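So you can see what is in the structure, the chains are spelled out below.
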Amino acid sequence: MNNRKMRAFMSTLMLATAMTMAPLNASGNPVVAATATLARPWMDTSLSAEARTDLLLREMTVDEKKTLVFGYFGSPFKERNYAPPAGVRMGSAGYIPGIERLGIPAQWQTDAGLGVATQRDSTEPMRERTSLPAGIATVATWNPALARQGGAMIGKEARLSGFNVMLAGGVNLVREPRNGRNFEYGAEDPLLAGIMVGAQISGIQSNNIISTIKHYALNAQETGRFVLSANIDEAGARMSDLLAFEIAMERSNPGSVMCAYNRYNGDYACENDFLLNKVLKGDWGYKGYVMSDWGAVHSTAKAANNGLDQESGYIFDKEMFFGADLLGKALADGSVPMARLDDMNRRILRALFDHGVMDNPVAVEDHKIDYAAHAKITRADAEEGIVLLKNQGGLLPLAAGASKIAVIGGYADKGVMSGGGSSTVFGRGGNPVPGLGPKNFPGPIVFHANAPLAAIQARAGGNVAFDTGTDPTAAAKLAADSDLAIVFVNQWTGEAMDFALTLPDNQDALVAAVAKANKRTIVVVQSGGPVFMPWLKEVGAVLAAWYPGSAGGEAIARVIYGEVDASGRLPVTFPASLDQLPRPKLDGEGLPDGTKFDVSYGEGAAVGYKWFDQKGYKPLFAFGYGLSYTRFAYKDLKASVGTDGTLTLSGSVTNIGERAGKAVPQLYVGPATGGWEAPKRLAGWQKLELASGASSRFTVPVDARLLATFDVAKNEWVVKPGRYKVWLGASATDLPVTTEVTLKGGRFSAVKAN
């Protein structure tokens, strides 16, 4: 018997002896906690995660090490005649078996960013869980505390559903407004994305479970997502998409990073040495593990050596690349060193220790979920994320009671829409509008049974009529006979597809017909991102409600009736036309499946509002834009530089309207003489609730990376000396208050101290 096997045998023997000799508790079970810690010293919680990992790793056999790096899909996959192994949570995203001998729990994985999802091929009933609003809606709150609260809520539901890994944390920048997964992400700016998504991840992991951050990196469109190469210069990537990941990770310490499907400058993201080894594990000093997206692995040795630690849902890959056979051969011939397998396991184990997964086992206890309390959390998120885009003549908020109202379209009598794909959460009460959308993935279209119509009727005293909106003429007749009309329009988006920015199903004609019949027309847009609005000048008010989650109907009504302020602000620019985009024609569109192609991000870090600034384009709606039911004035902007060169900005905001509201003062900065990718960058913000007439002063320290450009040759951030302009206001194009500050400049390494 070799030394490793001897240690394993002795460990098992000591635990068995402890179980035999231990006293019994009131339930007749052995009390073995202290003795078991002696038998399993890695369970000593007084030790660091690193020390515990080292102790456990020394006890593992090679076969056990291979177990932790290979993942199964958690649902049947009929196309490949696949049935998941025993032990899975059926209908889930994935499963990695535990190692009972050593007390290593299984990893039960669930999709994730909006709540506990169920995969479509499950033979079990769909899990009905609370759904947050779309990620883009959460980011539109500009409220990190709400994002963390929502993350904590879905993390708790995951734990009580028996999951200890959530595939959440979508932080990809919105480079392409037609991207079908934009609803899962939410921002075009790295600071806003990083802070908001980092807050959600932090909330999820407060439940002693792991959250991923994804999809690393430059996963900006779904067309050709398995084959395209996202090509970008390093400086541009460091100052945009990679910076979003970096900021989010600093604020949340995610247990795992999920690498993306696409190639990055030629190499697949899940075997990309630059992304995984150089930047993530090298420069950023990341100590967690990298898991693949489902179907994103293309090799054994190259993927392992270039930084992939765990193959997920292997059935979607062409081979079992990290399975016992292929990985065993790679270890035997030395193409994957044993030291690398140890590192893969070390990273996984450390994450399990660091985030409390080892010490706080999960179990299926879904009867403990407090759905009523969780509904309030998702409703608050939806309310603050709804953006008031137009409000001509103060049409909103509505007064309760008297008005005769026509509610039209959008299945508003049934519920609110959600986005499609792996993140889809099936809400309580099931899908009230079955049979819509693709029969296969990413369909079907799923609604949440929280109908706006019922919420409006409750406030309007029942004086409300509904029309499906399928016949514009009939809808216009109803609108003409009403005091006002509320038209719901929907654009469903989902994973694996990209979508035009034009509303489908002749809904533009519907809005135009209703608005012609009644000028007091309010349009509520449910979408996963920007849409064109050819009828904008003809309607009285417009709300961007996104996909508002399980309590979305109630949230929409509360905003419409002014029970809460309209306080959402756009996290993305709404273009006026496709000609304003860096790529008016979607790359890869029309190519046969599997045809490799390049997407060249020549705009570099000039994403969203920065691109519009650089080109001088006027958008339909600007980044950061959003109206309130009151008015705010901004003043007293000051910029101060500390002895260490740190820039701090401050200002004041006053509610000069007649009712309470929530302001989102935004601060931007840029070199007075130019030289950046765009004239200015978002430097910070705060969200402040103010009574009528009240003022508040706010202070924002500026991250030095937001003042710098990236020097690739020296791997450094460089702040150039000179004058910088600072702006304060309500959006990227509404910045009435300015000042200047002089910076001494400086350099600092991209490599974090470990």
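Note: the structure precedes this text.
**Student:** When you look at the overall build of the chain in this model, what are you seeing that I'm missing?
**Tutor:** For the chain, the count of helices and strands is 19 helices and 31 strands. A globule of 754 residues ought to have a C-alpha radius of gyration of about 27 Å, and the chain, at 27 Å, matches this closely. Taken along its principal axes, the extent of the C-alpha atoms in the chain is 85 × 60 × 55 Å. Each of the 754 residues in the chain was classed as buried or not, and the buried ones make up 62%. Restricting the contact set of the chain to residue pairs at least 6 apart, pairs at least 24 apart contribute 75%. Accessible surface for the chain amounts to roughly 27,100 Å². Of this, 52% is attributable to carbon and sulfur atoms. Separation between the mean location of the 75 positive side-chain charges and that of the 74 negative ones in the chain comes to 3 Å.

**Student:** I tried to follow the pairing of strand β24 (residues 681–685) on my own but got confused; where do I start?
**Tutor:** On any regular strand, side chains alternate: one points to one face of the sheet, the next to the other face. Among the five residues that make up β24, five are buried, leaving the element largely enclosed by the rest of the structure. By the bridge criterion, four bridges tie strand β23 (residues 666–671) to β24 in an arrangement that is antiparallel. Across the sheet, the residue bridging to glutamine 666 is tryptophan 685, located in β24.

**Student:** Which parts of the structure should I look at to understand the packing of aromatic side chains?
**Tutor:** Each pair of aromatic rings is reported with the distance of its centres and the angle of its planes. Within the structure shown, the criterion is met by 25 aromatic pairs. Ring centres of tyrosine 216 and phenylalanine 245 lie 5.1 Å apart, and the angle between their planes is 75 degrees; this geometry places the pair in the edge-to-face category. Within this pair, whereas tyrosine 216 is found in strand β5 (residues 210–216), its partner phenylalanine 245 is found in helix α9 (residues 241–252), the two being separated by 29 residues in sequence. In terms of burial, tyrosine 216 and phenylalanine 245 fall into one category: buried. Aromatic rings pair up to connect Trp142, Tyr609, Phe623, Tyr668 and Trp685 into one cluster. We note arginine 428 situated over the ring of tyrosine 371; from NZ or CZ to the ring centre the distance is 4.0 Å.

**Student:** Help me out: how do you make sense of the pairing of strand β20 (residues 632–641) in this one?
**Tutor:** Here β20 pairs with strand β21 (residues 647–655) via eight bridges, running antiparallel. Among the inter-strand pairings, valine 641 is bridged to a residue of β21, identified as leucine 647. Remark: five residues form the turn of the hairpin made by β20 and β21, two consecutive strands paired antiparallel; glycine 645 in that turn has positive phi of roughly 90 degrees.

**Student:** Explain the environment of tyrosine 72 to me, please; I cannot follow it from the model alone.
**Tutor:** Secondary-structure assignment places tyrosine 72 in strand β1 (residues 72–73). For the pair tyrosine 72 and methionine 166, spaced 94 residues apart in sequence, the C-alpha to C-alpha distance is 15 Å. Look past the residues within four positions of tyrosine 72 in its chain and what remains in contact with it is Tyr82, Pro85, Ala93, Gly94, Tyr95, Pro97, Gly313 and Tyr314.

**Student:** Before we go on, may I ask you to explain the side chain of serine 652 in this structure?
**Tutor:** Within the secondary structure, serine 652 is located in strand β21. For serine 652, a relative accessible area of 8% gives the class buried. There is a polar contact of 2.9 Å between the side chain of serine 652 and the side chain of arginine 697. For serine 652, the residues in contact, after removing those within four places along its chain, are Ala633, Tyr634, Lys635, Asp636, Ser696, Arg697, Phe698 and Leu728.

**Student:** Honestly, the sheet that holds strand β12 (residues 405–408) in this entry has me stumped. Any pointers?
**Tutor:** Where strands meet in a sheet, backbone hydrogen bonds hold them as pairs that are either parallel or antiparallel. A sheet is described by the order of its strands in space; here six strands give the open sequence β11-β18-β17-β16-β12-β15, paired in mixed fashion. Single-partner strands in this sheet number two, and they are β11 (387–391) and β15 (464–467). Mean inter-strand twist for the sheet, computed between neighbouring axes without regard to direction, equals 15 degrees. Where β12 and strand β16 (residues 484–490) come together, four bridges link them in parallel fashion. Among the inter-strand pairings, valine 407 is bridged to a residue of β16, identified as isoleucine 486. Across the sheet, helix α15 (residues 452–460) is in contact with β12, β15 and β16; its angle to β15 comes to roughly 160 degrees.

**Student:** What exactly am I supposed to notice about the environment of glycine 529 here?
**Tutor:** Topologically, glycine 529 is positioned in the loop between β17 (521–526) and β18 (541–544). Note on glycine 529: relative accessible area 4%, which makes it buried. With residues near it in sequence (within four places) discarded, glycine 529 still touches Ile136, Trp546 and Phe574.

**Student:** For this particular structure, what's the right way to read the pattern of salt bridges?
**Tutor:** Two side chains of opposite charge can pair, provided their charged atoms sit close to one another. All chains considered together, the criterion is met by 47 salt bridges. The partner of glutamate 246 in a salt bridge is arginine 705, and the shortest N-O contact between them spans 3.1 Å. Linking glutamate 246 in helix α9 with arginine 705 in the loop between β26 (695–701) and β27 (709–711), this pair joins segments that are 459 residues apart in sequence. Residue arginine 705 is classed as buried on the basis of its relative accessible area of 9%. The shortest N-O distance in the salt bridge between arginine 350 and aspartate 354 comes to 3.5 Å. Of this pair, arginine 350 and aspartate 354 both sit in helix α13 (residues 338–354), separated by four residues, roughly a single helical turn. With a relative accessible area of 14%, arginine 350 lands in the buried category.

**Student:** Teacher, can you tell me more about the packing of helix α16 (residues 472–480) against helix α17 (residues 507–517) here?
**Tutor:** Where α16 meets α17, the closest approach of the two axes is 8 Å, and the angle between their N-to-C directions is 30 degrees. Regarding the angle of α16 to α17, the classification is roughly parallel. Note that α16 runs across α17; the crossing there is right-handed. In this structure, α16 contributes Pro472, Ala475, Ala476, Ala479 and Ala480 to the contact, and α17 contributes Ala509, Leu510, Ala513, Val514 and Ala517.

**Student:** Help me understand the side chain of threonine 212 in this model?
**Tutor:** Relative to the assigned elements, threonine 212 resides in strand β5. Owing to a relative accessible area of 0%, threonine 212 belongs among the buried residues under this scheme. Within polar-contact distance, the side chain of threonine 212 engages the backbone oxygen of alanine 168 at 2.8 Å. When residues no more than four places from it in sequence are discounted, the contact partners of threonine 212 are Met166, Leu167, Ala168, Gly169, Ile201, Pro254, Ser256, Met258 and Met291.

**Student:** Where do I start with the sheet that holds β23 in this structure?
**Tutor:** Strand order across the open sheet formed by four strands is β24-β23-β29-β30, with antiparallel pairing between neighbours. Since the sheet does not close on itself, it has two edges, and those belong to β24 and β30 (737–743), each with one partner. Between one strand and the next, the sheet's axes are offset by a mean angle of 30 degrees, whatever the strand orientation. Inspection of the sheet shows strand β29 (residues 722–729) paired to β30 by seven bridges, in the antiparallel sense. Paired with leucine 728 across the bridge in β30 is valine 737.

**Student:** Whenever I open this one, the environment of arginine 379 confuses me. Can you help?
**Tutor:** Residue placement: arginine 379 occurs in helix α14 (residues 371–385). The spacing of arginine 379 and alanine 479 is 100 residues in sequence and 29 Å in space, taken between C-alpha atoms. The residues touching arginine 379, leaving out its near neighbours within four places in the chain, are Ala551, Glu554, Ala555 and Arg558.

**Student:** Just to check I follow, could you spell out the nonpolar core for this structure?
**Tutor:** Side chains of nonpolar character tend, in soluble globular proteins, to be buried together. Core analysis: the largest hydrophobic core is formed by 152 residues, its most contacted members being Ile104, Leu192, Tyr216, Leu280, Phe322, Leu682 and Trp685. It is helix α7 (residues 190–205) that contributes the most residues to this core, nine residues altogether. With residues up to four places along the chain from it excluded, the contact list for isoleucine 104 reads Leu56, Met60, Leu68, Gly98, Ile99, Leu349, Leu352 and Met358. Formed by 44 residues, the second largest nonpolar core is a distinct cluster that contains Phe183, Val514, Met533 and Val539.

**Student:** Honestly, helix α18 (residues 552–560) in this entry has me stumped. Any pointers?
**Tutor:** With eight of its nine residues buried, α18 lies for the most part within the structure. All of the buried residues along α18 are Gly552, Gly553, Ala555, Ile556, Ala557, Arg558, Val559 and Ile560. Residues of α18 that are buried in the fold lie against α14, β13 (416–417), α15, β16, β17 and β18. At the C-terminal side of α18, glycine 562 shows a positive phi close to 70 degrees.

**Student:** It is not clear to me how unusual backbone geometry should be interpreted in this structure. Could you clarify?
**Tutor:** With the exception of glycine, the majority of residues adopt a negative phi angle, and the majority of peptide bonds are in the trans configuration. In this model, tyrosine 216 is joined to alanine 217 through a cis peptide bond whose omega is 5 degrees. Assignment of secondary structure puts alanine 217 in the loop between β5 and β6 (229–231). For asparagine 81, which is not glycine, the phi dihedral falls at a positive 55 degrees. Inspection of the secondary structure assignment puts asparagine 81 in the loop between β1 and β2 (94–96). Owing to a relative accessible area of 74%, asparagine 81 belongs among the exposed residues under this scheme.

Cut-offs and rules
- Residues numbered from 1 in each chain as written.
- Predicted model: local features only at pLDDT ≥ 70, side-chain atom pairs only at ≥ 80, totals over all residues.
- Heavy atoms only, no water.
- Helix = DSSP H or I, 4+ residues; strand = E, 2+ residues; numbered from the N terminus.
- Rg over C-alpha atoms; globule rule 2.2 N^0.38 Å.
- Buried < 20%, exposed > 50% of the residue type's maximum accessible area, 1.4 Å probe, protein only.
- Contact = heavy atoms within 4.5 Å.
- Areas by Shrake-Rupley, 256 points an atom, 1.4 Å probe, with all protein chains shown as cover.
- Lys, Arg positive; Asp, Glu negative; His and termini not counted.
- Charge placed at Lys NZ, Arg CZ, Asp CG, Glu CD.
- Pairing = 2+ DSSP bridges.
- Phe/Tyr/Trp six-rings, centres within 6.5 Å; stacked < 30°, edge-to-face > 60°.
- Lys NZ or Arg CZ within 6 Å of the ring centre and 35° of its normal.
- Polar contact = N/O pair within 3.5 Å; in protein donor to acceptor, adjacent residues only side chain to side chain.
- Axes fitted to C-alpha atoms, helices over the stretch in contact; angles between N-to-C directions.
- Salt bridge = Lys/Arg side-chain N within 4 Å of Asp/Glu carboxyl O.
- Parallel < 35°, antiparallel > 145°, perpendicular 65-115°, else oblique.
- Left-handed = near helix turned anticlockwise from the far one by under 90°.
- Core = buried A, V, L, I, M, F, W, Y, C linked by side-chain atoms within 4.5 Å.

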